[in-house]
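A structural walkthrough
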Protein chains: 2
Amino acid sequence: MTKIFQPFSTMYEFDSGALNPQGKLISRRLSDMSSMYQDSEAVQALLNDNPLIYEVYNVEVPENEEHIQHCTTILYPGKVGSEFFMTKGHYHEIINRAEIYFCLKGKGLLIMQTKEGEFSSLEMEPGTIAYVPPYWAHRTVNTGDETFVFFAAYPGDAGHDYGLIETEGFVKAVMEQAEKYALVANPSYRKENEIGE
Amino acid sequence: MTKIFQPFSTMYEFDSGALNPQGKLISRRLSDMSSMYQDSEAVQALLNDNPLIYEVYNVEVPENEEHIQHCTTILYPGKVGSEFFMTKGHYHEIINRAEIYFCLKGKGLLIMQTKEGEFSSLEMEPGTIAYVPPYWAHRTVNTGDETFVFFAAYPGDAGHDYGLIETEGFVKAVMEQAEKYALVANPSYRKENEIGE
């Protein structure tokens, strides 16, 4: 046998979501994905500042079926118009490869779709372990107002295919709306008392 | 395409280390691994109580190369004689498959070895992401006095091979020793003052 791969460890920093050593660090600013947001005027207005949308700390291991790729993603809070900051999203290059997301901080939405147009989403909060099955493209969205951080693991040979998402986008966009609930009067509360008086 | 696997999520409970839903739960008591400890008299003395050594909460996904197996392990604190509670340990059935451990609670030691007798260990504490490369058998040991909990992910097709570890054991055992440090007098502290008096 040729010299085999040796054990090692990486430290996850709970406060920041970063890894130490940092491995291969990918930083995505708005200019790296400006065409992916719905509101092009809002994009233009923000491009001067060119905000940092997310960072991925990748532990570097060989890209083959023996290994497990793993990384942490720090997705910052913010919006482009009323659309929340999000990752680019991708299929795996070997499309029938799954992925696991373990949310460690903040909150967000994981949106997924197949090439046949099937769409699905999962809410994530600390402790949520989300499973992206084989064949599903995946994108994460920060729906909160703090940093959204998750750990990801996927087969070493999976690879990334951004092409179709760059041209077609996802079936749905995640937009801020008015409060999802409203406080309305309960018509029966204290009614009896009123009648009794 | 036949009906494809649908996305889903599982909740990790930070206090206990358990999963919800629990998936396939494996519980190992001393009687399940009594021959693996060094001190057979200590084993006999404990077998009446037959303590729970560890539990594994397994999320159930298909066992093939498309998927990622994932689970949490709760390894309880305790000793058999002076040997710390530990997992059985195993090679993967497909031996060149890696595994990732993400420590979430407590502290422990991950010991590893190859069939050629090479041995390695990594200390784990919350935030440690340990990488078990292809070809390495792996066992975890609770070296602390609280519950040691970690999340694991490994290729869907890896499988488990306990046989060789059951017959041969690991190269090294993890035993409690006297404190790793001792408080000894500093010969120069306040010496000048004494001289000065």
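Residues numbered from 1 in each chain as written. Chains lettered and ligands numbered in written order. Predicted model: local features only at pLDDT ≥ 70, side-chain atom pairs only at ≥ 80, totals over all residues. Heavy atoms only, no water.

**Describing empty space enclosed by the protein**
Spelled out, the test is: The way it works is a 1 Å grid over only the protein atoms, where trapped points that fit a 1.4 Å probe form a cavity and open points with protein on both sides within 12 Å along at least five of seven lines form a pocket, and then any residue with an atom within 4 Å of a point lines it. Grid points are joined across faces, edges and corners, and a volume is the space filled by probe spheres set on the points. Amino acids are sorted into nonpolar (Ala, Val, Leu, Ile, Met, Phe, Trp, Tyr, Cys and Pro), charged (Asp, Glu, Lys and Arg) and polar (every other residue, Gly among them).
One pass over the structure, following the stated rule, counts 1 cavity of 30 Å³ or more. Its volume calculated, the largest cavity comes out at about 60 Å³. Contributing to the lining of the largest cavity are Glu-65, His-67, Arg-97, Pro-155 and Asp-157 of chain A together with Glu-65, His-67, Arg-97, Pro-155, Gly-156 and Asp-157 of chain B. When the residues that make up the lining of the largest cavity are grouped by side-chain class, the tally is 2 nonpolar, 3 polar and 6 charged.

**Brief notes about the relation of the copies chain B and chain A**
Rules: The fit set for superposing copies consists of C-alpha atoms from residues with pLDDT of at least 70 in both; the fit itself is least squares. Any two residues whose heavy atoms approach within 4.5 Å are treated as being in contact.
Each copy of the sequence occupies a distinct position, and chain B is placed on chain A by a rotation of 180 degrees and an axial shift of 0.0 Å, giving an RMSD of 0.0 Å. Overall, the copies show the geometry of a two-fold rotation axis. Among all residues of chain B, the one whose C-alpha sits closest to the rotation axis is Pro-155 of chain B, at a distance of 3.1 Å. The fraction of interface residues of chain B whose copies in chain A are also interface residues reaches 100%, indicating that both copies meet through the same surface.

**Observations regarding the interface of chain B and chain A**
As a reminder, the rule being used: Buried area: the sum, over both parts, of the accessible surface (1.4 Å probe) that disappears when the two are put together. Criterion for a salt bridge: a side-chain nitrogen of Lys or Arg within 4 Å of a carboxyl oxygen of Asp or Glu. Here a polar contact is taken to be a pair of N or O atoms separated by no more than 3.5 Å, where protein atoms must pair a possible hydrogen donor with a possible acceptor and residues adjacent in sequence count only if both atoms sit in side chains. The helix count covers DSSP runs of H or I at least four residues long, the strand count covers runs of E at least two residues long, and both are numbered beginning at the N terminus.
The interface of chain B with chain A comprises 46 residues on the first partner and 46 residues on the second. Where chain B abuts chain A, roughly 4,100 Å² becomes buried across the two surfaces, and 71% of that area is made up of carbon and sulfur atoms. For the chain B face of the interface with chain A, the top three residues by lost area are Glu-66, Ile-129 and Tyr-131 of chain B, together amounting to 17%. Our enumeration of links across chain B and chain A arrives at 0 salt bridges. If you look at where chain B meets chain A, you find 18 residue pairs in polar contact (both at pLDDT 80 or more). Mapped onto the side of chain B that touches chain A, the elements with two or more residues apiece are β1 (8–12), β5 (68–75), β8 (99–105), β10 (119–124), β11 (128–132) and β13 (148–155) of chain B. Ranked by the residues each element gives to the side of chain B that touches chain A, the list is headed by β1 of chain B, at 5 residues. Counted by class, the side of chain B that touches chain A contains 29 nonpolar, 11 polar and 6 charged residues.

**Comments concerning the side chain of Asp-157 of chain B**
Residue and element names in this part refer to chain B. Going by this rule: Relative accessibility thresholds used throughout: buried, under 20% of the residue-type maximum; exposed, over 50%; partly exposed, between the two (1.4 Å probe, protein chains only).
Counting through the fold element by element, Asp-157 comes out in the loop between β13 and α2 (163–168). Asp-157 gets classed as buried once you look at its relative accessible area, which sits at 17%. For Asp-157, the side chain forms a polar contact with the side chain of Arg-97, separated by 2.9 Å. When near neighbours in sequence (up to four residues on either side) are disregarded, Asp-157 contacts Glu-63, Asn-64, Glu-65, Ile-94 and Arg-97.

**Brief notes about the UniProt feature "domain: Glucose-6-phosphate isomerase prokaryote" (unreviewed entry) in chain A**
What counts, and what does not: UniProt positions are given in the numbering used here, feature names are shortened, and annotations may be inferred rather than shown by experiment.
With numbering aligned to this structure, UniProt lists the feature "domain: Glucose-6-phosphate isomerase prokaryote" (unreviewed entry) at residues 28–175 of chain A. Note that residues 28–175 of chain A is 9% helix and 41% strand, and that its end C-alpha atoms are spaced 20 Å apart.

**Quick notes on the environment of Met-112 of chain A**
Mapped onto the fold, Met-112 of chain A is located in strand β9 (residues 108–113). Looking at Met-112 of chain A, the relative accessible area reads 0%, which means it is buried. Note: C-alpha distance between Met-112 of chain A and Glu-123 of chain A (11 residues apart in sequence) is 12 Å. Residues in contact with Met-112 of chain A, not counting those within four places in the same chain, are Glu-118, Phe-119, Ser-120, Ser-121, Leu-122, Tyr-131, Val-132, Trp-136, Ala-137, His-138 and Phe-170 of chain A together with Pro-7 of chain B.

**Points about the sheet that holds strand β12 (residues 137–142) of chain A**
Two orientations exist for strands paired in a sheet by backbone hydrogen bonds: parallel and antiparallel. Residue and element names in this part refer to chain A. What counts is decided by this rule: Two strands are said to pair when DSSP picks up at least two bridges between them. Where helices are involved, their axes are fitted lines through C-alpha atoms of the stretch in contact, as for all axes, and angles between N-to-C directions lie from 0 to 180°.
Ordered in space as β10-β9-β12, the 3 strands form an open sheet in which the pairing is antiparallel. Two strands bound the open sheet, and with one partner strand each, they are β10 (119–124) and β12. Between one strand and the next, the sheet's axes are offset by a mean angle of 20 degrees, whatever the strand orientation. Sheet topology note: the β9/β12 ladder contains 6 bridges and is antiparallel.

**A look at the packing of aromatic side chains**
When we look at a pair of aromatic rings, we describe it by the centre distance and by the angle of the planes. Applicable threshold: For Phe, Tyr and Trp, where Trp contributes only its six-membered ring, two rings pair if their centres lie within 6.5 Å, and the inter-plane angle classes them as stacked under 30 degrees, edge-to-face over 60, or tilted in between.
If you walk through the whole model with that rule in mind, you get 16 aromatic pairs over all chains. Between the aromatic rings of Phe-151 of chain A and Phe-102 of chain B, the centroid separation amounts to 5.0 Å while the plane-to-plane angle is 90 degrees, which identifies the pairing as edge-to-face. With one member in each of two chains, Phe-151 of chain A in strand β13 (residues 148–155) and Phe-102 of chain B in strand β8 form a pair that bridges those chains. Take Phe-151 of chain A: its relative accessible area is 2%, and that puts it in the buried class.

**Digging into the side chain of Arg-139 of chain B**
Residue and element names in this part refer to chain B. Quick reminder of the rule: When charges are counted, neither His nor the chain ends are considered; positive counts come from Lys and Arg and negative counts from Asp and Glu.
If you trace the backbone, Arg-139 turns up in strand β12 (residues 137–142). Here Arg-139 sits buried without a salt bridge, and the closest side chain of opposite charge, Glu-83, lies 5.3 Å off (N-O distance). At a separation of 2.9 Å, a polar atom in the side chain of Arg-139 contacts the main-chain carbonyl oxygen of Thr-87. A polar contact is formed between the side chain of Arg-139 and the backbone oxygen of Lys-88, at a distance of 2.8 Å.

**Regarding the environment of Phe-170 of chain B**
All names here are of chain B. Its location among the elements puts Phe-170 in the loop between α2 and α3 (191–196). A relative accessible area of 11% places Phe-170 in the buried class. Between the C-alpha atom of Phe-170 and that of Ile-95, which follows or precedes it by 75 residues, the distance is 16 Å. The contacts of Phe-170, once residues within four sequence positions are left out, are Lys-88, Gly-89, Ile-111, Met-112, Gln-113, Ala-137, His-138, Arg-139 and Ile-165.

**What to know about the state of the cysteines**
Residue and element names in this part refer to chain B. Quick note on the threshold: The disulfide definition used here is simple: a pair of cysteine sulfur atoms within 2.5 Å.
Taken as a whole and assessed by the stated rule, the structure comprises 0 disulfides over all chains. No disulfide involves Cys-103; its nearest neighbouring cysteine sulfur is the one of Cys-71, lying 14 Å away. Of the residues examined, Cys-103 reaches a relative accessible area of 0% and is grouped as buried.

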